[in-house]
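Structural overview for review
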Amino acid sequence: MTTPLLSVDDLRVEFRTPHGPFDAVRGVSFHIDPGETVAVVGESGSGKSTVASSINRLLAENGRIASGSVRFEGAELATASERTMRGLRGAGIGLVPQDPMSNLDPVHTIGAQIAEALQVHGRAGADRGRARTLELLEMVGIPDPEQRFDQYPHEFSGGMRQRALIAMGLACEPRLLIADEPTSALDVTVQRRVLDTLAALTARSGTAVLLITHDLALAAERADRVLVMLRGELVEEGPAREILERPQHEYTRRLVAAAPSLATTTLVAAPAASEPRAEPIAVLEGVGRRYRLRGAARGAELWAARDVSFSIPRGRTVAVVGESGSGKSTTAKMLLGLDDPTEGSIAIDGQDLAGLSRRELLAMRRRVQPVFQNPFASLDPRYTVAQSIAEPLRVHGVGDRRSRRGRVEELLEQVALPGELADRLPHELSGGQRQRVAIARALALEPELVVLDEAVSALDVLVQAQILELLVGLQRDLGLSYLFISHDLAVVNMIAHEVHVMQRGRVVESGTPQQLFTAPTEAYTRELIAAIPGASLVAG
């Protein structure tokens with residue numbers, strides 16, 4: 001018998017709350033062998049991330065290991081000193097957290113932050129640290145690492161920030177890597193590259209991986225064993241293929257049934273060939289955005305988007321897909337008026353955004369609302385859930401305090417959140433719950449156009465299905481239009497009427513989901529489809 005690298009026995013984790021103690025994890029036991037990849041799946045709030053945080057003792061201040069054992073290489077971690085844990089974190093147990101913006105320091109360059117992990121654990125001095133950091137940046141698929149080394153987190157796309165966190169987690173070649181939703185912000189091609197890198201590291205050095213994910217297809221393809229959690233308890237475990245092809249627990253069966261794939265039934269009906277195209281609510285013509293690069297040669301520039309042209313018909317969903325850094329989010333920011341185009345024009349109902357006054361732009365933003373990729377960064381940490389959702393109503397002078405509170409309660413119900421969360425702060429919510437709060441806030445003003453930038457990427461499949469059905473229902477009832485930006489082609493296939501594929505800042509292919517996903521003409525589109533993890537396993 002192989003001695004386990006990690007053994008978790010009868011773990012119970014308790015959090016202090018204003019309403020008394022709450023057991024977030026109850027009686028969880030499992031082990032991980034050297035070189036093994038174990039995936040933990042379950043809905044948002046099931047306790048997956050709490051288990052991960054317990055292993056390296058990074059629980060929130062109001063949390064504690066109430067009972068049970070966590071042993072790493074035979075040493076007990078549940079009662080270890082903080083000094084012992086500091087020496088272990090990063091070197092023995094690496095971590096790739098879920099939320100890049102709250103885990104990257106905005107005042108230090110990406111390169112300096114990765115190099116710091118090497119220096120703290122005595123793995124490299126300043127000179128070797130830079131060379132090793134460049135190797136890591138290249139390894140996780142960040143282009144032009146020499147140039148990117150001296151850039152700051154805000155100059156990276158969401159997917160590139162996540163890759164930087166993965167580079168930090170791998171820097172010291174730990175014996176165990178805890179990866180908490182490590183690819184939720186990544187497109188499928190980069191996801192494959194990163195996961196291939198993790199697999200190669202495991203094979204070469206015996207590093208084990210604890211993979212926290214809501215992506216059942218990814219778990220099926222990448223893990224040796226799968227653990228299924230529900231409401232703080234472990235309800236099923238076993239070999240990955242067996243769990244996902246022959247699930248025993250009712251909850252596991254629901255997870256498998258809800259996992260989207262290209263074979264999943266779509267939620268929107270394709271327009272009939274004879275049906276006239278609806279009038280556009282938004283038109284982008286030859287839009288481009290150029291940035292000057294920090295730390296590069298004098299005058300060096302990057303076109304994040306170039307010559308982007310498409311329209312969004314009223315009452316329809318237009319999706320934009322492509323790899324991280326392809327220009328999807330830049331296009332969304334220009335449509336929202338948060339970035340000015342370097343070239344081209346954007347019109348909302350015939351009004352060019354470039355010609356609007358500040359007052360007119362404020363009125364336009366009531367009609368066009370965003371849901372960004374990163375809910376933790378877009379929610380004020382000082383505001384309660386109710387305050388965050390009500391803020392757009394207050395800013396635009398809609399209703400009084402009492403009516404706004406009533407609207408908050410309606411919106412919480414719409415996005416499948418219990419009313420008792422209204423008075424909690426963002427850090428007291430799971431990642432999926434925070435994203436639902438962001439969606440509720442975007443719907444508060446009853447906008448005509450919603451720009452959804454990876455709006456469901458942080459959600460487990462059950463909640464994701466609820467949110468997608470909610471969005472489709474709102475579109476049907478209110479005539480909403482959506483710009484839906486995603487790296488998940490299976491989700492796009494479910495919800496979009498039209499799809500535009502972006503590569504290196506340009507639109508390279510357009511069509512209906514059926515046209516693009518069954519008969520793509522561009523090699524790049526075919527590559528995106530081929531990289532979808534485990535689609536055949538989940539569909540079958």
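No experiment lies behind these values; they were computed from the predicted model shown.

**A word on the overall build of the protein chain**
Regarding its fold elements, the protein chain presents 22 helices and 20 strands. Since a compact globule built from 540 residues should have a radius of gyration of about 24 Å, the 23 Å found for the protein chain is in line with a globular shape. A principal-axis box enclosing the C-alpha atoms of the protein chain has dimensions of 70 × 55 × 45 Å. By residue count, 54% of the 540 residues in the protein chain fall in the buried class. In the protein chain, the proportion of contacts linking residues at least 24 apart, taken out of those at least 6 apart, comes to 71%. By element, 47% of the accessible surface of the protein chain is carried by carbon and sulfur atoms, the whole surface being about 23300 Å². A gap of 4 Å separates the mean positions of the 59 positive and 68 negative side-chain charges of the protein chain.

**Notes on the side chain of Gln162**
Tracing the sequence through the fold places Gln162 in helix 7 (residues 158-170). Polar side-chain contacts of Gln162 include one of 3.4 Å to the backbone oxygen of Pro97. Only 3.3 Å separates the side chain of Gln162 from the backbone oxygen of Glu181, close enough to count as a polar contact.

**Section: the pairing of strand 17 (residues 449-453)**
Burial analysis of strand 17 places 5 of its 5 residues in the buried class, the great majority of the element. For strand 17 and strand 18 (residues 481-485), the ladder comprises 5 bridges, and the chain directions are parallel. Each bridged residue has a counterpart across the sheet, and for Val450 the counterpart in strand 18 is Tyr482.

**Some details on the sheet that holds strand 12 (residues 301-313)**
Pairing within the open sheet is antiparallel, and its 4 strands lie in the order 12-11-14-15. The sheet terminates laterally at strand 12 and strand 15 (351-352), the two strands that pair on one side only. Across 9 bridges, strand 11 (residues 280-292) lies against strand 12 in antiparallel orientation. Counted as the bridge partner of Arg290 is Trp303 from strand 12.

**Some remarks on the pattern of salt bridges**
Within this structure, the stated rule accounts for 32 salt bridges. A salt bridge links Arg382 to Asp380; the nearest nitrogen and oxygen atoms lie 2.9 Å apart. Here Arg382 falls in the exposed class, since its relative accessible area comes to 65%. In the salt-bridge network here, residues are joined through shared partners; they are Arg12, Glu14, Asp23 and Arg64.

**What about the packing of aromatic side chains?**
One pair of aromatic rings is described through two measures. These are the centre distance and the angle between the planes. By the definition in use, this model includes 0 aromatic pairs. One Lys or Arg, Arg130, reaches over the ring of Phe149 and ends 4.1 Å from the middle of that ring. Over the ring of Trp303 we find Arg306; its NZ or CZ atom is 3.8 Å from the centre of that ring.

**A few points about the confidence of the model for the protein chain**
In this model, the protein chain carries a mean pLDDT of 87, and residues with pLDDT of at least 70 account for 95%. Segment residues 535-540 is flagged for pLDDT under 50; beyond a separation of four residues in sequence, or across chains, it makes 11 contacts in the model.

**Observations regarding the sheet that holds strand 5 (residues 75-76)**
Pairing within the open sheet is antiparallel, and its 4 strands lie in the order 2-1-4-5. If you trace the sheet from one side to the other, it starts and ends with strand 2 (20-32) and strand 5, each paired once.

**Some thoughts on helix 18 (residues 461-478)**
If you check helix 18, its first and last C-alpha atoms are 25 Å apart, about what 18 residues at 1.5 Å a residue would give, namely 26 Å. Taken across its 18 residues, helix 18 has 13 buried, putting it largely inside the fold. Remark: Gly479 follows helix 18 within two positions and exhibits a positive phi of approximately 70 degrees.

**Remarks on the nonpolar core**
Across soluble globular proteins, you tend to see nonpolar side chains buried next to one another. Counting 57 residues, the largest nonpolar core has Val371, Ile389, Leu452, Ile467, Phe484 and Val492 as the members making the most contacts within it. For this core, the element with the most residues is helix 18, which contributes 7 residues. Judged by nonpolar contacts, the second largest core, of 47 residues, contains Ala124, Leu136, Ile166 and Leu177.

**Considering the environment of Leu335**
By the element assignment, Leu335 lies in helix 12 (residues 328-335). Note on Leu335: relative accessible area 1%, which makes it buried. Taking the C-alpha atoms as reference points, Leu335 and Ile348, 13 residues apart in sequence, are found 8.7 Å from one another. Here Leu335 is in contact with Ala282, Leu284, Ile312, Ile346, Ile348, Leu353, Leu449, Val451 and Leu483, once residues within four sequence places are set aside.

**Some remarks on the environment of Ala220**
Structurally, Ala220 is set in helix 9 (residues 216-222). With relative accessibility at 13%, the residue Ala220 sits in the buried group. Residues Ala220 and Ala240, 20 residues apart in the sequence, show an inter-C-alpha distance of 5.2 Å.

**Some thoughts on the side chain of Thr252**
Note that Thr252 resides in helix 11 (residues 250-258). Aside from chain neighbours lying at most four places away, what touches Thr252 is Val228, Glu236, Ile243 and Pro247.

**Structural notes on the packing of helix 4 (residues 110-120) against helix 7**
In contact at an axis separation of 8 Å, helix 4 and helix 7 are set at 20 degrees when each is read in the N-to-C sense. Between helix 4 and helix 7, the interaxial angle falls into the category roughly parallel. Like other packed secondary-structure pairs, helix 4 and helix 7 cross with a definite hand, here right-handed. Facing Ile110, Gln113 and Ile114 of helix 4, the residues of helix 7 in contact are Ala164, Ala167 and Met168. Of the residues belonging to the contact of helix 4 with helix 7, the class tally is 5 nonpolar, 1 polar and no charged.

Scoring rules and cut-offs
- Residues numbered from 1 in each chain as written.
- Predicted model: local features only at pLDDT ≥ 70, side-chain atom pairs only at ≥ 80, totals over all residues.
- Heavy atoms only, no water.
- Helix = DSSP H or I, 4+ residues; strand = E, 2+ residues; numbered from the N terminus.
- Rg over C-alpha atoms; globule rule 2.2 N^0.38 Å.
- Buried < 20%, exposed > 50% of the residue type's maximum accessible area, 1.4 Å probe, protein only.
- Contact = heavy atoms within 4.5 Å.
- Areas by Shrake-Rupley, 256 points an atom, 1.4 Å probe, with all protein chains shown as cover.
- Lys, Arg positive; Asp, Glu negative; His and termini not counted.
- Charge placed at Lys NZ, Arg CZ, Asp CG, Glu CD.
- Polar contact = N/O pair within 3.5 Å; in protein donor to acceptor, adjacent residues only side chain to side chain.
- Pairing = 2+ DSSP bridges.
- Salt bridge = Lys/Arg side-chain N within 4 Å of Asp/Glu carboxyl O.
- Phe/Tyr/Trp six-rings, centres within 6.5 Å; stacked < 30°, edge-to-face > 60°.
- Lys NZ or Arg CZ within 6 Å of the ring centre and 35° of its normal.
- pLDDT = per-residue confidence, 0-100.
- Expected span 1.5 Å × (residues − 1).
- Core = buried A, V, L, I, M, F, W, Y, C linked by side-chain atoms within 4.5 Å.
- Axes fitted to C-alpha atoms, helices over the stretch in contact; angles between N-to-C directions.
- Parallel < 35°, antiparallel > 145°, perpendicular 65-115°, else oblique.
- Left-handed = near helix turned anticlockwise from the far one by under 90°.
- Nonpolar A, V, L, I, M, F, W, Y, C, P; charged D, E, K, R; others polar.

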